[in-house]
Amino acid sequence: MIKQPQPPGFRDHVYQFTFQIAAGEEHIWQWLNDTRTFTDTQVWPWKVEFYSPDPDRIPNGFHAGVLTNHFGPLINLAGELIHVDHHYRDLQYFYGSYAVGFRWIRPYRLEFRTESKGDLTVVSGTLRSYVRPFISGFWTRVQKVFWKRFRRWAKKSVLQVAKRASSELQVG
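Report follows, based on the coordinates. (Residues numbered from 1 in each chain as written. Predicted model: local features only at pLDDT ≥ 70, side-chain atom pairs only at ≥ 80, totals over all residues. Heavy atoms only, no water.)

Re unusual backbone geometry
Here the amide bond leading from W44 into P45 is cis, since omega sits at 15 degrees, within 30 degrees of zero. Examined against the element boundaries, P45 turns out to sit in the loop between α2 (35–39) and β2 (47–51). The phi dihedral of L74 is positive, around 70 degrees, even though this residue is not glycine. For L74, a relative accessible area of 56% gives the class exposed. Backbone geometry places V100, a non-glycine residue, at a positive phi of 70 degrees. (Helix = DSSP H or I, 4+ residues; strand = E, 2+ residues; numbered from the N terminus. Buried < 20%, exposed > 50% of the residue type's maximum accessible area, 1.4 Å probe, protein only.)

Here it is in structure tokens:
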């Protein structure tokens with residue numbers, strides 16, 4: 001486990017979100033663990049990269065040990081995928097990762113979880129950051145906007161994944 005130290009003058013900020021999708025967990029993780037979900041949809045000048053330190057053993061993608069960086073204006077979120085399975089993913093950011101500025105907001109962990117509830121799957125996430133107290137309210141508002149957009153995007157995209165899978169089953 002990567003452990004970022006809490007810098008003096010920063011406080012722990014935890015933002016959690018939860019939403020439901022009318023699809024199975026397998027379709028949600030198929031979308032969440034597809035690198036194209038994040039690399040092919042980025043708006044310039046932001047970019048997401050994945051890198052495996054051992055490409056013969058671990059392919060680039062969503063596997064424990066793979067390094068990732070989401071970067072562009074006002075963000076540099078470099079980290080390592082620590083745990084990936086069919087119900088949980090843990091991405092821990094390295095020291096030096098920041099949003100807005102290194103002196104203000106330092107994200108250190110992003111977790112996703114799913115839980116099947118019949119025909120629905122509950123998707124939840126937690127973003128943990130160290131923030132300066134004066135910018136905490138702003139960071140919360142930014143997260144509300146971002147994750148609301150993410151929820152809409154996920155629902156639309158996961159339903160397309162499920163529809164494609166259903167069509168492939170009917171053809172096969």
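A closer look at the pairing of strand β5 (residues 88–93)
Among the 6 residues that make up β5, 6 are buried, leaving the element largely enclosed by the rest of the structure. Here β5 shows no split at all, with Y88, D90 and Q92 on one side and R89, L91 and Y93 on the other all buried. Inspection of the sheet shows strand β4 (residues 75–84) paired to β5 by 5 bridges, in the antiparallel sense. Residue G79 lies in a different strand from β5, and its bridge partner there is Y93. Hairpin remark: β4 followed by β5, antiparallel, with 3 residues in the connecting loop. With 5 bridges joining them, β5 and strand β7 (residues 105–117) adopt antiparallel strand pairing. Looking at β7, one finds that D90 is bridged to E111. (Pairing = 2+ DSSP bridges.)

Such coordinate-based values are descriptive only and should not be taken to indicate function.
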